[in-house]
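One letter stands for each residue in the lines below.
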Amino acid sequence: MKKLLLIASISFGAMVTAQEAKTDTVKAWSIQGQNTLMLNQAAFSNWVGGGANNVGWLAGVNYNLTYEKGKDLWENIIILGYGQNNTQGTGVRKTQDVINLSTNYGREFAKHWYISAGASLQTQFAPGYEDGNNPDAKKISNFFAPGYLNLGAGVTYRPDDNLTVTLRPANARWTFVLDKDLQTAGTYGLKNDGDSSLFQFGFLGTAMYKIKIMENINLTNTASVFSNYLDHPERLVLAYGAILNMKINKYISSNITLDLLYDHNQIRKTQLKQTLGVGFAYNIDNGKKRSDNKDNQNWLKK
């Protein structure tokens, strides 16, 4: 299943690229995406300062597919990423592992405001281990262990392509733990040994804000908060992510990412992940945006 998802992500990027000429005719669709392959390597021989030979890679796709026509707004986000590093004396360890899919449909009822409903799914491709992903250490995560499915309705505020805020006062959240080795009471909030899922219902708020710092340097910020009405609503699940993309030329770019997470059901500490990579990137910016299509800008008409 994990291999199929990786193959599907690569195939998806190739398919969109091949269809680039055709999507120009679909005026309501805007497709923005980036396919990346980051590589790093270090070698040492008789180096007094010390060091271990290592080689690493990180591949990913990040797509935003938006449909805008009249009062309709439908946004879809696909984020897939996986990376590994092989260090002499240590072996192979993963450095990146993410599956993040979301969709949100809205119908405009006031200037910039939409009644909306949507879903999202988050999980990972491969197992994670307590001691820096050492397969000899205790396993703490796996594919769909955990996996999070959100389904809810509320309102979306989107004044332009750079800001989107969604508030869902009615949101169902399922936590899945499909690895039997991890199905113990307390793990990811499970109530009993042998449970494979946990249901929560509460409020979900998400936000995305893009900033153009200067030419070819862009910062994308995302944030979310979830409160479970059914049990300890004060225990908020908080997440923040930032991607700083520095485009060197058409095919080479540098990315810096930062992720912060606090989830009482995972670990009662703030989690942090940071990555830096330089490598190959192919960007797609295709199709009509609302800002380019005056016929779709009903919210500007007086």
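Heads up: the structure comes first, above all this text.
Residues numbered from 1 in each chain as written. Predicted model: local features only at pLDDT ≥ 70, side-chain atom pairs only at ≥ 80, totals over all residues. Heavy atoms only, no water.

**Regarding the side chain of Asp-72**
- With respect to the helices and strands, Asp-72 occurs in strand S3 (residues 72–87).
- Of the residues examined, Asp-72 reaches a relative accessible area of 19% and is grouped as buried.
- Reaching out from Asp-72, the side chain makes a polar contact with the side chain of Tyr-105 at a distance of 2.6 Å. (Helix = DSSP H or I, 4+ residues; strand = E, 2+ residues; numbered from the N terminus. Buried < 20%, exposed > 50% of the residue type's maximum accessible area, 1.4 Å probe, protein only. Polar contact = N/O pair within 3.5 Å; in protein donor to acceptor, adjacent residues only side chain to side chain.)

**Observations concerning the nonpolar core**
- Among the nonpolar cores identified, the biggest contains twelve residues, and these are Ile-31, Val-61, Tyr-63, Leu-65, Leu-80, Tyr-82, Ile-99, Phe-125, Ala-126, Phe-143, Phe-144 and Ile-284.
- Counting only elements with at least two residues in this core, the list comes to strand S2 (54–69) and S3.
- In terms of residues, this core owes the most to one element, S2, which gives three residues.
- With seven residues, the next largest nonpolar core counts Ala-145, Tyr-148, Val-177 and Tyr-188 among its residues. (Core = buried A, V, L, I, M, F, W, Y, C linked by side-chain atoms within 4.5 Å.)

**Description of a nonpolar patch on the surface**
- Judged by side-chain polarity, Leu-37, Leu-39, Trp-57, Ile-248, Tyr-251, Ile-252, Val-278 and Phe-280 come together as a nonpolar surface patch covering roughly 740 Å² of accessible area.
- Elements represented by at least two residues in the nonpolar patch include exactly strand S1 (29–42) and strand S14 (267–287). (Patch = residues over 30% accessible without salt bridge, like charges linked within 9 Å, V, L, I, M, F, W, Y side chains within 5 Å. Areas by Shrake-Rupley, 256 points an atom, 1.4 Å probe, with all protein chains shown as cover. Salt bridge = Lys/Arg side-chain N within 4 Å of Asp/Glu carboxyl O.)

**So, the packing of aromatic side chains**
- In this structure the tally under the stated criterion is ten aromatic pairs.
- Connected via pairs of aromatic rings, a cluster forms that spans Trp-29, Tyr-67 and Trp-74.
- Residue placement shows Arg-173 over the ring face of Phe-226; its charged tip is 5.1 Å from the ring centre. (Phe/Tyr/Trp six-rings, centres within 6.5 Å; stacked < 30°, edge-to-face > 60°. Lys NZ or Arg CZ within 6 Å of the ring centre and 35° of its normal.)

**A look at the environment of Gly-241**
- Tracing the backbone through its elements, the reader meets Gly-241 in strand S12 (residues 237–247).
- With near-sequence residues (within four places) excluded, Gly-241 lies in contact with Thr-220, Asn-221, Thr-222, Leu-258 and Asp-259. (Contact = heavy atoms within 4.5 Å.)

**Here's the deal with the pattern of salt bridges**
- For the structure shown, the criterion picks out ten salt bridges.
- The salt bridge partner of Asp-72 is Arg-107, with a shortest N-O separation of 2.8 Å. With Asp-72 in strand S3 and Arg-107 in strand S4 (residues 91–110), this pair connects stretches of sequence that are 35 residues apart.
- In this structure, Asp-231 and Lys-191 form a salt bridge, with 3.4 Å as the shortest nitrogen-oxygen distance. Note that Asp-231 is positioned in the loop between strand S11 (217–228) and S12 and Lys-191 in the loop between strand S9 (163–176) and strand S10 (197–214), a separation of 40 residues in sequence.
- With a relative accessible area of 35%, Asp-231 lands in the partly exposed category.

**Quick notes on the pairing of strand S5 (residues 113–123)**
- Here S4 runs beside S5; their pairing, made up of eleven bridges, is antiparallel. If you follow Leu-101 over to S5, its bridge partner there is Leu-121.
- Once S4 ends, the chain turns through two residues before running back antiparallel as S5, passing His-112 with a positive phi of about 75°.
- Here S5 pairs with strand S8 (residues 147–160) via ten bridges, running antiparallel. Pairing of Gly-118 across the sheet is with Gly-152, part of S8. (Pairing = 2+ DSSP bridges.)

In short, shape yes, function no, at least from these values alone.
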